[in-house]
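Single-letter residue listing:
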Amino acid sequence: MRHSHSPARALATGMLVCVTALTSAVATGAGEADGATVSASPSRLAQAAYARLSARQRVGQLFLVGVTSTGPTSTELRRLADSSAGNVFLRGHNTVGQAATRRITDRLAKKATVAGVHPFVAADQEGGLVQSLQGPGFSRMPTALVQGSLTMPVLRSRVQGWGRELRRAGVNLDLAPVADTVPASVGRRNQPIGLHDREFAHQVPRVVGHVGAFVRGMNDARVATAVKHFPGLGRATGNTDDRAGVTDPTGPHSSYLLPFGAGIDAGAELVMVSSARYPKIDPVHRACYSRAVVGLLRGRLHFKGIVVSDSFASAALADLSPGTRAVRFFAAGGGLLLDTNAADLHPMTAAVLARTRTDRAFAAKIRTDVLAVLTAKARHGLLSA
């Protein structure tokens, strides 16, 4: 099997390969449905699950909420229950090891399971400084820049091993790989990516190949991936985690989009959209609120999967209320909202529910988003009758 993809093939093929490959995958790790019906198609399983859920539970499937990775607090658990959030993200570093992490994720999975719908349990497991889960049972992952020095077959094999460690710990979604390219002339002056060696290489063609290898390795381990941060943060000014005025010069025909196409071609089920501004694509809106940015992802890159946000608890988005942020994200084409602040959940879900009652087009879009998440869960064995 080829492990490298030409840019033209990556953009033209889109999701055709990944849909075929992943539809037949049935996961076997933590938090999965016991005895799930494998004869039914993922779409049929999703429709059946949708019918079982209440309106609030359906909207809850569209949220990925951050909880303390070393163990959820009672407040976090209460907020999970109150909002019916359907997915959890392990926030912050955890060095307790695989077995202890599995006990944590089992508890979270039980709490977040409703009507036979089990959660995506996510982590940031890139490598280097961005390896959230460590300790006994977890290999030390080198930085992406070091990973980029490996051959693609070797990287794929190693990623498969790291993915299996995640599965054994009860994690079924890795918010990785980074598809941003940081030019050598910028290097560590790029705060969100280059400063921590999160890029695979300084040249787009090398990033293209290694993004594909990483996604394939995680797919081999039956762990879903979220390629990030579309349309790119490799030349950004500042970091959206702590600054509001971050921009990047990437345009709609830029070669810097090609690594994202490679991730899609390799089978990534999610693409994370950034919270920065891209004046050459949309001079008005941030990427996470931009129909133009999401349209570029859907159109030119042919992405048919789930558009996930970066954390909506970041400083870049603090100018709007939680509810307004959520409604704008989904209205722009987003499909799964990540927020590392569980306190935002209630106002966000309430605002989305309220909008569905007054806006028929928005309600139809939310229904499509929920079914997309449920279909992805069906492919990973996370739905039971």
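Quick caveat, the model's predicted, so the values are computed rather than measured.

Student: Honestly, the nonpolar core in this entry has me stumped. Any pointers?
Tutor: Soluble globular proteins: nonpolar side chains tend toward being buried together. Residues Phe63, Leu175, Phe230, Phe330, Val352 and Leu374 are the most contacted members of the largest nonpolar core, which totals 109 residues. Sort the elements by how many residues they give to this core and helix α14 (residues 360–379) lands first, with eight residues. If near-sequence neighbours (up to four positions away) are discounted, phenylalanine 230 is found in contact with Leu257, Phe260, Val271, Met272, Val273, Ser274, Ala287, Val293, Leu296, Leu297 and Leu301. Judged by nonpolar contacts, the second largest core, of five residues, contains Val204, Tyr256, Leu258 and Ala262.

Student: Quick question: what am I supposed to make of α14 here?
Tutor: Within an α-helix, residues lying three or four positions from one another point in the same direction, as the helix has 3.6 residues per turn. Under the 1.5 Å per step criterion, the end-to-end length of α14 is 29 Å for 20 residues, consistent within 8% with the ideal 28 Å. Listed in full, the buried residues belonging to α14 are Phe362, Ile366, Asp369, Val370, Leu371, Val373, Leu374, Thr375, Ala376, Lys377, Ala378 and Arg379. Phi turns positive, to about 70°, at glycine 381, one or two residues after α14.

Student: When you look at the side chain of aspartate 310 in this model, what are you seeing that I'm missing?
Tutor: In this fold, aspartate 310 is placed in the loop between β11 (306–309) and α12 (322–331). Comment: no salt bridge for buried aspartate 310; closest opposite-charge side chain is lysine 228, at 6.7 Å. Not counting the four nearest positions on each side in its chain, aspartate 310 is found in contact with His229, Met272, Val273, Ser275 and Leu338.

Student: What should I look at first to understand the layout of surface pockets in this one?
Tutor: Leftover empty space is mapped by rolling, across the atoms, a probe with the size of a water molecule. Looking at the largest pocket, its volume works out to about 560 Å³. Around the largest pocket, the lining is made up of 28 residues, and of these Asp124, Val130, Arg198, Asp241 and Asp310 lie nearest the centre. Partitioned by chemical class, the residues of the lining of the largest pocket number nine nonpolar, twelve polar and seven charged.

Student: Explain the pairing of strand β1 (residues 63–68) here, please?
Tutor: The element β1 is largely enclosed, with a buried count of six among its six residues. Sheet topology places β1 next to strand β12 (residues 337–339); three bridges connect them, and they run parallel. Looking across to β12, one finds that phenylalanine 63 is bridged to leucine 337. Alignment of β1 against strand β2 (residues 87–91), held across five bridges, turns out to be parallel. Directly across from glycine 66, in β2, lies its bridge partner phenylalanine 89. A crossover links β1 with its parallel partner β2, the connecting element being helix α5 (residues 74–83), and its sense is right-handed.

Student: How do you make sense of the packing of α5 against helix α6 (residues 98–112) when you look at a structure like this?
Tutor: Each pair of packed helices can be summarised by the angle the axes make with each other and by the distance between the axes. Look at α5 against α6: their axes get within 10 Å of each other, and the N-to-C directions meet at 30°. Comparing the axis directions of α5 and α6 gives the class roughly parallel. Between α5 and α6, the contacting residues are Leu77, Leu80 and Ala81 on the first element and Arg107, Leu108 and Lys111 on the second. For the contact of α5 with α6, the class distribution of residues is four nonpolar, no polar and two charged.

Student: Honestly, the sheet that holds strand β6 (residues 173–174) in this entry has me stumped. Any pointers?
Tutor: Sheet strands line up and pair through hydrogen bonds in the backbone, either parallel or antiparallel. A sheet is described by the order of its strands in space; here eight strands give the open sequence β11-β8-β7-β6-β3-β2-β1-β12, paired in parallel fashion. This sheet does not close on itself; its edge strands, each paired only once, are β11 and β12. Bridge count between strand β8 (residues 270–273) and β11: four bridges; the pairing is parallel. Opposite valine 271, over in β11, you have valine 307 as the bridge partner.

Student: Explain the packing of aromatic side chains here, please?
Tutor: Working definition: an aromatic ring pair is given by the centre-to-centre distance plus the angle between the planes. Here the structure, examined in full by the defined rule, presents six aromatic pairs. Residues phenylalanine 312 and phenylalanine 329 carry aromatic rings whose centres are separated by 5.4 Å and whose planes lie at 70° to one another, so their mutual orientation is edge-to-face. With phenylalanine 312 in the loop between β11 and α12 and phenylalanine 329 in helix α12, the pair connects residues that are 17 residues apart, well separated along the chain. According to the relative accessible area criterion, phenylalanine 329 is buried, its value standing at 1%. Look at phenylalanine 329 and phenylalanine 330: their rings are 5.2 Å apart centre to centre, the planes differ by 65°, and that puts the pair in the edge-to-face class.

Calculation rules
- Residues numbered from 1 in each chain as written.
- Predicted model: local features only at pLDDT ≥ 70, side-chain atom pairs only at ≥ 80, totals over all residues.
- Heavy atoms only, no water.
- Core = buried A, V, L, I, M, F, W, Y, C linked by side-chain atoms within 4.5 Å.
- Buried < 20%, exposed > 50% of the residue type's maximum accessible area, 1.4 Å probe, protein only.
- Helix = DSSP H or I, 4+ residues; strand = E, 2+ residues; numbered from the N terminus.
- Contact = heavy atoms within 4.5 Å.
- Expected span 1.5 Å × (residues − 1).
- Lys, Arg positive; Asp, Glu negative; His and termini not counted.
- Salt bridge = Lys/Arg side-chain N within 4 Å of Asp/Glu carboxyl O.
- 1 Å grid on protein atoms, 1.4 Å probe; cavity = no way out; pocket = protein on both sides within 12 Å on 5 of 7 lines; lining within 4 Å.
- Points joined across faces, edges and corners; volume = space filled by probe spheres on them.
- Nonpolar A, V, L, I, M, F, W, Y, C, P; charged D, E, K, R; others polar.
- Pairing = 2+ DSSP bridges.
- Right-handed = clockwise from strand over helix to strand, strands pointing away.
- Axes fitted to C-alpha atoms, helices over the stretch in contact; angles between N-to-C directions.
- Parallel < 35°, antiparallel > 145°, perpendicular 65-115°, else oblique.
- Phe/Tyr/Trp six-rings, centres within 6.5 Å; stacked < 30°, edge-to-face > 60°.

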